[in-house]
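Observations on the model geometry
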Amino acid sequence: MHPITIRPARFEDRYALARVLIDATLTTFRGRVPDRCLYSLTVEESATNWGRNFKDDTLSDGQYPFVAEVASVDVIGLAMAGRRSTDSILDQQIAQSYPRELVTLQVDPAWQRRGVGRKLVAAVAVALMKEGETNLLVQVLAENPNVAFYKALGARLVGSQPYDWEGYPATSLIFVWDALRALTSAV
Ligand SMILES: CC(C)(COP(=O)(O)OP(=O)(O)OC[C@H]1O[C@@H](n2cnc3c(N)ncnc32)[C@H](O)[C@@H]1OP(=O)(O)O)[C@@H](O)C(=O)NCCC(=O)NCCS
């Protein structure tokens, strides 16, 4: 059994972050959305984006990137919460009630369904609670077969809105957690 550690992400993780992000996205959505949605970003480009963020320190402003790591294997998952740009949630009542968003959560396909996602969300919840936040929003594409993960973690569906993914008309489901404390038991 490999012990899984959750720790804050750092600059050196940029290639691992890119690899997990792209692998998990491809595995989840291949055949469910047009290929153009899936191949718009290379590992190199994604790693450069992550690296740039860490370098000019924009991740430190209210954003919480975490990785899940197995000592002998490397990074196997990532999660990040952030402050949302004001216009990404169309329903202003929801946007104002839930200022923080889980903007990315990805587990390496080979490590899914072993509690890693739950641990990553717990780490995010603990970090946000330290800032005095009590709730959290997450957008999940209706095309994503992993919607059940959010339901298993007690998230509540509060709305939906269109999402343009490289010209493909997807639907974004909006889930919320009203009590972050309930998520922290997996830390
Ligand atoms: C969704 C994802 C993050 C879940 O992470 P994970 O490590 O596989 O999930 P966990 O093992 O922590 O599961 C926690 C609970 O959710 C349930 N669950 C997880 N994925 C599920 C699925 N696809 N269908 C049904 N239940 C699921 C588990 O059974 C578990 O429930 P239990 O505790 O009652 O047994 C992971 O599958 C993933 O990265 N998928 C690809 C990318 C993705 O879809 N990211 C989300 C973008 S919004």
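Fair warning: this is a prediction, and the values are worked out from it, not measured in the lab. (Residues numbered from 1 in each chain as written. Predicted model: local features only at pLDDT ≥ 70, side-chain atom pairs only at ≥ 80, totals over all residues. Heavy atoms only, no water.)

Side note on the environment of Ala142
- With respect to the helices and strands, the residue Ala142 is situated in the loop between β5 (136-141) and α6 (147-152).
- Relative accessible area serves as the criterion here: at 42%, Ala142 is assigned to the partly exposed category.
- For the pair Ala142 and Ile174, spaced 32 residues apart in sequence, the C-alpha to C-alpha distance is 9.6 Å.
- Not counting chain neighbours up to four residues away, the residues in contact with Ala142 comprise Thr171 and Leu173. (Helix = DSSP H or I, 4+ residues; strand = E, 2+ residues; numbered from the N terminus. Buried < 20%, exposed > 50% of the residue type's maximum accessible area, 1.4 Å probe, protein only. Contact = heavy atoms within 4.5 Å.)

Side note on the site of the ligand
- In the vicinity of the ligand lie 21 residues, with Val107, Arg113, Gly115, Gly117 and Arg118 positioned nearest.
- In this structure, a nitrogen atom belonging to the ligand sits 2.9 Å away from a main-chain N or O atom of Leu105.
- Between an oxygen atom of the ligand and a main-chain N or O atom of Gly115, the distance comes to 2.7 Å.
- Contact with the protein chains covers 77% of the free accessible surface of the ligand, which is 910 Å².
- For the shell around the ligand, the elements supplying multiple residues, two or more each, are α1 (14-29), β4 (100-107), α5 (116-130) and α6.
- Here the element with the most residues in the shell around the ligand is α6; it accounts for four residues.
- Its residues placed into classes, the shell around the ligand shows ten nonpolar, eight polar and three charged. (Near = heavy atom within 4 Å. Polar contact = N/O pair within 3.5 Å; in protein donor to acceptor, adjacent residues only side chain to side chain. Areas by Shrake-Rupley, 256 points an atom, 1.4 Å probe, with all protein chains shown as cover. Nonpolar A, V, L, I, M, F, W, Y, C, P; charged D, E, K, R; others polar.)

What to know about the side chain of Glu101
- As for its placement among the helices and strands, Glu101 is situated in strand β4.
- Ignoring anything within four residues of it in the chain, the contact list for Glu101 reads Met80, Ala81, Gly82, Arg84, Ser88, Leu136, Leu137 and Gln139.

Section: α5
- Between its terminal C-alpha atoms α5 stretches 22 Å, which fits the 21 Å expected from 15 residues at 1.5 Å a residue.
- Remark: Gly132 follows α5 within two positions and exhibits a positive phi of approximately 90°. (Expected span 1.5 Å × (residues − 1).)

Considering α1
- Taking 1.5 Å per residue as the helical rise, α1 with its 16 residues ought to reach 22 Å, and the 22 Å between its terminal C-alpha atoms agrees with that figure.
- All of the buried residues along α1 are Ala16, Leu17, Ala18, Val20, Leu21, Ile22, Ala24, Thr25, Leu26, Thr28 and Phe29.
- One or two residues past the end of α1 sits Gly31, with phi positive at roughly 90°.

Brief notes about the nonpolar core
- If you look at the biggest cluster of nonpolar residues, it comprises 32 residues, and the most contacted ones within it are Leu102, Leu120, Val124, Tyr150 and Trp177.
- When residues of this core are traced back to their parent elements, those giving at least two are β2 (64-70), β3 (74-83), β4, α5, β5, α6 and β7 (168-177).
- Leave out the neighbours within four places in its chain, and Leu120 touches Ile6, Phe66, Val67, Ala68, Gly77, Leu78, Ala79, Leu105, Gln106 and Val107.
- Core analysis: the second largest hydrophobic core is formed by eleven residues, Leu17, Val75, Leu78 and Met80 among them. (Core = buried A, V, L, I, M, F, W, Y, C linked by side-chain atoms within 4.5 Å.)

Here we look at the pairing of β5
- Of all six residues in β5, five are buried, a share of seventy percent or more.
- With six bridges joining them, β5 and β7 adopt antiparallel strand pairing. Across the sheet, Leu136 pairs through a bridge with Trp177, a residue of β7. (Pairing = 2+ DSSP bridges.)

Remember, this is a structural readout, not a statement about activity or role.
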